[in-house]
Amino acid sequence: MSVTGITGITSITVLFGELRSWSVPRRLIAAGVAAAALVGLTIVSGTLSVIDGAIVFPGAWWGYLLTVVGSGLVGLVVAGYVDAPIGAEATMCDLRWPVLGLIALSLSTDLLTAVPLLEGFVRPVVAVAAVVLLVWALRERLQSEHDATTGADGEVCTTCRPLFPLAQGRSGQ
């Protein structure tokens, strides 16, 4: 018996491999949201400055790397909510982890505040934790979609409201 049969969890390579089958509009949404998240995080955290007409990057290298990776993950998570198949519709509960990851990423890369909330070695640790949280949220989103398209039994949340209550999924039912 396979690991999938025992745990009900599909391997990460299979889930992320399914991103190749996304439609062009979904990919464009992912790219657009990722770009907006990158610009938003850059402006809010002050990781890009203009001093004497020159563009300056005052932060640590890891902050830029994790901001780019985190923004890309946010774009993929948001695109996962759009045109989801019946059974994998997005709910309000699906938003909590990506939003918390984005907030943690913003706090850990903040350079504008005179006295930042996070200092020292805590900053990169929280930034990495934020990216891990975003990867987990994307994996959960893709797992939900995989379960809906393969007919596998997924978890049912009885307390969450649909994010798009009037939208129809790809199945059109």
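Residues numbered from 1 in each chain as written. Predicted model: local features only at pLDDT ≥ 70, side-chain atom pairs only at ≥ 80, totals over all residues. Heavy atoms only, no water.

> How do you make sense of the overall build of the protein when you look at a structure like this?
The helix and strand tally for the protein stands at 6 helices and 2 strands. In sequence order, the protein lays out its α and β elements as α-α-α-β-β-α-α-α. Counting the 173 residues in the protein, one finds 34% classified as buried. By sequence separation, contacts in the protein at least 24 residues apart represent 78% of the contacts at least 6 residues apart. (Helix = DSSP H or I, 4+ residues; strand = E, 2+ residues; numbered from the N terminus. Buried < 20%, exposed > 50% of the residue type's maximum accessible area, 1.4 Å probe, protein only. Contact = heavy atoms within 4.5 Å.)

> Help me understand the nonpolar core in this model?
Side chains of a nonpolar character, in soluble globular proteins, are inclined to be buried together. Formed by 22 residues in total, the largest nonpolar core has its most connected members in Leu66, Leu105 and Leu142. No other element matches the 7 residues that helix H4 (residues 61–81) contributes to this core. When sequence neighbours within four positions are dropped, the list of residues in contact with Leu105 reads Leu41, Leu66, Thr67, Gly70, Ala127, Ala130 and Val131. (Core = buried A, V, L, I, M, F, W, Y, C linked by side-chain atoms within 4.5 Å.)

> How should the pattern of salt bridges be read in this particular structure?
Close approach of charged atoms allows side chains of opposite charge to pair. Throughout the structure, instances matching the rule amount to 2 salt bridges. For Glu145, the salt bridge is made with Arg26, and the minimal N-O distance between the two is 2.7 Å. Linking Glu145 in helix H6 (residues 122–150) with Arg26 in helix H3 (residues 24–45), this pair joins segments that are 119 residues apart in sequence. Of the two residues, Glu145 and Arg26, neither departs from the other in class, the shared state being buried. (Salt bridge = Lys/Arg side-chain N within 4 Å of Asp/Glu carboxyl O.)

> What's the story with the side chain of Ser106 in this structure? I'm lost.
Relative to the elements of secondary structure, Ser106 occurs in helix H5 (residues 96–108). In this structure Ser106 comes out as buried when scored by relative accessible area, which is 16%. Non-local contacts of Ser106, meaning those with residues more than four positions away in its chain, are made with Leu41, Val44 and Ser45.

> Just checking my understanding: could you explain the packing of aromatic side chains for this structure?
Note on aromatic pairs: each is described by the distance of the centres and the angle between the planes. Scanning all chains against the criterion turns up 1 aromatic pair. Centre to centre, the rings of Trp97 and Trp136 are 6.0 Å apart; their planes meet at 80°, and the pair counts as edge-to-face. Note that Trp97 is positioned in helix H5 and Trp136 in helix H6, a separation of 39 residues in sequence. Assessed through its relative accessible area of 32%, Trp97 is described here as partly exposed. You can call Trp136 partly exposed: its relative accessible area is 38%. The positively charged end of Arg26 is found above the aromatic ring belonging to Trp22, 4.5 Å away from the centroid. (Phe/Tyr/Trp six-rings, centres within 6.5 Å; stacked < 30°, edge-to-face > 60°. Lys NZ or Arg CZ within 6 Å of the ring centre and 35° of its normal.)

> Even after reading the chapter, I still don't get the confidence of the model for the protein, so can you show me in this structure?
Within the protein, residue pLDDT values average 79, and 81% of them lie at 70 or more. For the protein, per-element mean pLDDT is lowest for helix H1 (residues 3–7), which scores 43, and highest for H3, which scores 92. Here residues 1–7 is a poorly scored stretch, pLDDT under 50, and it has 4 contacts once near neighbours within four places are set aside; other chains count. (pLDDT = per-residue confidence, 0-100.)

> Would you mind showing me how to read the packing of H3 against H4 here?
At their nearest, the axes of H3 and H4 sit 7 Å apart, and the two run at 140° to each other. Overall, the two elements H3 and H4 adopt an arrangement that is oblique. Helix-helix and strand crossings are classified by hand; for H3 and H4 the assignment is right-handed. Taking contact as the criterion, the partners of Arg26, Ile29, Ala30, Val33, Ala34, Ala37, Leu38 and Leu41 in H3 are, on H4, Thr67, Val68, Ser71, Gly72, Val74, Gly75, Leu76, Val78, Ala79 and Gly80. Of the residues contributing to the contact of H3 with H4, the split by class is 12 nonpolar, 5 polar and 1 charged. (Axes fitted to C-alpha atoms, helices over the stretch in contact; angles between N-to-C directions. Parallel < 35°, antiparallel > 145°, perpendicular 65-115°, else oblique. Left-handed = near helix turned anticlockwise from the far one by under 90°. Nonpolar A, V, L, I, M, F, W, Y, C, P; charged D, E, K, R; others polar.)

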